[in-house]
Amino acid sequence: MLVKGISAASFRNLAPFNIVPDEKMNVICGENAQGKTNLLEAVWLFTGAKSFRTNNDKELCNLEEEKCKINITFCADSIENTAEINISGRRSAVFNEKKLSSASLLAGKFCAIVFSPDDLSLISGSPEKRRRFLDVAISQIYPKYIDTLRRYTRCLAQRNYLLKEIKQGTKNEIGLEVYENELAEAGKAIIRYRIRYLELAEPFITEIYKGISSFKESFRVKYLPVCEPENLLKRLIETRNDDILTGFTSVGPHRDDLDFLIDELSVRSYGSQGQKRSVALALKLSEAEVLNKVTGEYPVALLDDVMSELDPARQNYVLNHISKLQVFLTCCDPANINNLSTGTVFKIEDGKITEITKK
Ligand SMILES: Nc1ncnc2c1ncn2[C@@H]1O[C@H](COP(=O)(O)OP(=O)(O)O)[C@@H](O)[C@H]1O
Ligand SMILES: [Mg+2]
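Residues numbered from 1 in each chain as written. Chains lettered and ligands numbered in written order. Predicted model: local features only at pLDDT ≥ 70, side-chain atom pairs only at ≥ 80, totals over all residues. Heavy atoms only, no water.

The subject of this paragraph is the site of ligand 1. Ala33, Lys36, Thr37, Glu59 and Cys61 are the nearest of the 15 residues found near ligand 1. Residue Lys36 places a side-chain N or O atom 2.8 Å away from an oxygen atom belonging to ligand 1. Cys61 is positioned such that a nitrogen or oxygen atom in its backbone is 2.8 Å from a nitrogen atom of ligand 1. The protein chains hide 73% of the 580 Å² of surface that ligand 1 would expose on its own. (Near = heavy atom within 4 Å. Polar contact = N/O pair within 3.5 Å; in protein donor to acceptor, adjacent residues only side chain to side chain. Areas by Shrake-Rupley, 256 points an atom, 1.4 Å probe, with all protein chains shown as cover.)

Here you go:
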């Protein structure tokens, strides 16, 4: 995937622009609140997904305008495509001159990964963040997973509702069996998908992490199921009485977690800020490798504020060693890019984008 050109009018605080990015590395420099993340967001929207910073499309239009427009030219599988997104109240899109019935249909046409400072919560935040990371990554490569996950979530809500009714004495336990059979079946599939995904991703994560840490640290990721997939039905039945008391299903993939280990120590408990950022980055970049392995295409990488808290060797890795992908990287400190060996540097000041150097 290669962005050949991007332009926009009335998008957030950005002055109308039309830029031709470098095929490898694009650094977007500027002080705080100048529009760097806004530019990454404009590129991201072509994945058809929601923005990574807001659920409200209205916020995307400049405060003084009713509508805005973004255009992109990109190559996928060596074929050049154009797309346009229009936002005026709702979001609509045009792909290769054809109007799409919904902007979400851009999904699968243009692909990108995004790393934002919020992704540090992948390491330090609740298990839900880690499960979501896995679920989103798996859904991109195995669309059937979305159905299985939906089936599981719906059935889980139904079992939980019934548990509460049983506690209140308005229903009896008979109905639980149907839900438990279905939960066990879908739950088993979910756990197996997640383990399979991690098996696929692990060699990449390990390799990327080694690169980031200059081969000084070893990294491993472990899936932590609350219950082995083959025992799920048995455990659901065993925990029934406790679950009736709490009104909540206590076993299944909705309670599972991931553990990240550096030199066999848990990063969440023992890792430094720089190590946590490096792990989050390695996870995101491994997503790109898995996507490439399965689809034959590398996504574009949008890396927001990754440089802060990384030491010079780690910054050098980010600047010069992610060469298989086209990268858009934001940073505040111009000193961060002294060691950039090839790429284009853009500067953003008060929403105005200018190209300052090409190396
Ligand atoms: N819809 C909008 N209209 C005008 N300005 C906006 C809009 N949305 C955000 N901004 C402004 O954009 C700036 C933040 O841009 P951002 O890309 O997050 O900055 P940074 O360069 O720090 O990444 C803020 O000054 C904010 O007020
Ligand atoms: Mg920013």
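All right, on to unusual backbone geometry then. Here Ser78, not a glycine, exhibits a phi torsion of approximately 65 degrees, which is positive. What makes Ser78 exposed here is its relative accessible area of 73%. For Asp305, which is not glycine, the phi dihedral falls at a positive 55 degrees. Within the secondary structure, Asp305 is located in the loop between β12 (300-303) and α10 (312-320). On the accessibility criterion, Asp305 (26% relative accessible area) is partly exposed. (Buried < 20%, exposed > 50% of the residue type's maximum accessible area, 1.4 Å probe, protein only. Helix = DSSP H or I, 4+ residues; strand = E, 2+ residues; numbered from the N terminus.)

Two strands pair when backbone bridges link them, and strand β14 (residues 344-349) and strand β15 (residues 352-358) are joined in this way by 6 bridges, in the antiparallel orientation. Across the sheet, the residue bridging to Phe346 is Glu355, located in β15. Following β14, the chain reverses through 2 residues before pairing antiparallel with β15; Asp350 in that reversal takes a positive phi of roughly 50 degrees. (Pairing = 2+ DSSP bridges.)

Let us look at the state of the cysteines. In total, this model carries 0 disulfides according to the counting rule given. No disulfide involves Cys75; its sulfur sits 13 Å from that of Cys111, the nearest cysteine. For Cys75, a relative accessible area of 14% gives the class buried. (Disulfide = S-S within 2.5 Å.)

Bringing the domain arrangement of the protein into the picture now. How big an interface is tends to be stated in terms of accessible area lost as the parts join. Domains assigned within the protein are domain 1 (2-111 + 297-358) and domain 2 (124-267). Taking only C-alpha atoms, the centre of domain 1 and the centre of domain 2 are 33 Å apart. (Domains from an automatic or database assignment.)

Taken together, 3 strands build an open sheet; the order of strands is β9-β10-β11 and the sheet is antiparallel. The outermost strands of the open sheet, each flanked by one partner alone, are β9 (219-224) and β11 (265-266). Sheet analysis places β9 next to strand β10 (residues 257-262), joined by 6 bridges and oriented antiparallel. Of the residues in β10, the one forming a bridge with Tyr223 is Leu258.

The next thing to look at is helix α9 (residues 273-295). If you check α9, its first and last C-alpha atoms are 33 Å apart, about what 23 residues at 1.5 Å a residue would give, namely 33 Å. Within α9, 19 of the 23 residues are buried, which leaves it mostly tucked inside the rest of the structure. (Expected span 1.5 Å × (residues − 1).)

With that settled, the discussion passes to the nonpolar core. Formed by 108 residues in total, the largest nonpolar core has its most connected members in Val27, Phe110, Leu303 and Leu329. Among the elements that make up this core, the one with the highest residue count is helix α5 (residues 176-212) (13 residues). Both domain 1 (2-111 + 297-358) and domain 2 (124-267) contribute no fewer than three residues apiece to this core. Among residues more than four places away in sequence, those in contact with Val27 are Leu319, Leu329, Cys331, Ile337, Leu340, Thr344, Val345 and Phe346. Of all hydrophobic cores here, the second largest spans 5 residues; its members include Leu162, Leu163, Ile166 and Ile244. (Core = buried A, V, L, I, M, F, W, Y, C linked by side-chain atoms within 4.5 Å. Contact = heavy atoms within 4.5 Å.)

What follows is about the packing of aromatic side chains. A ring pair, where both rings are aromatic, is described by two values, the distance of the centres and the angle of the planes. Applying the stated criterion across every chain yields a total of 7 aromatic pairs. Summarising the aromatic geometry, the rings of Trp44 and Phe52 are spaced 6.2 Å apart at their centres and angled 75 degrees between planes, so their arrangement reads as edge-to-face. With a centroid separation of 5.0 Å and an interplanar angle of 75 degrees, the aromatic rings of Tyr145 and Tyr193 are classed as edge-to-face. Taken as a pair, Tyr145 in helix α4 (residues 144-168) and Tyr193 in helix α5 lie far apart in primary sequence, 48 residues in all. For the pair formed by Tyr145 and Tyr193, the shared burial category is buried. One Lys or Arg, Lys109, reaches over the ring of Phe95 and ends 5.2 Å from the middle of that ring. For the cation-ring pair, Arg196 lies above Tyr142, with the distance from its terminal atom to the ring centre recorded as 5.5 Å. (Phe/Tyr/Trp six-rings, centres within 6.5 Å; stacked < 30°, edge-to-face > 60°. Lys NZ or Arg CZ within 6 Å of the ring centre and 35° of its normal.)

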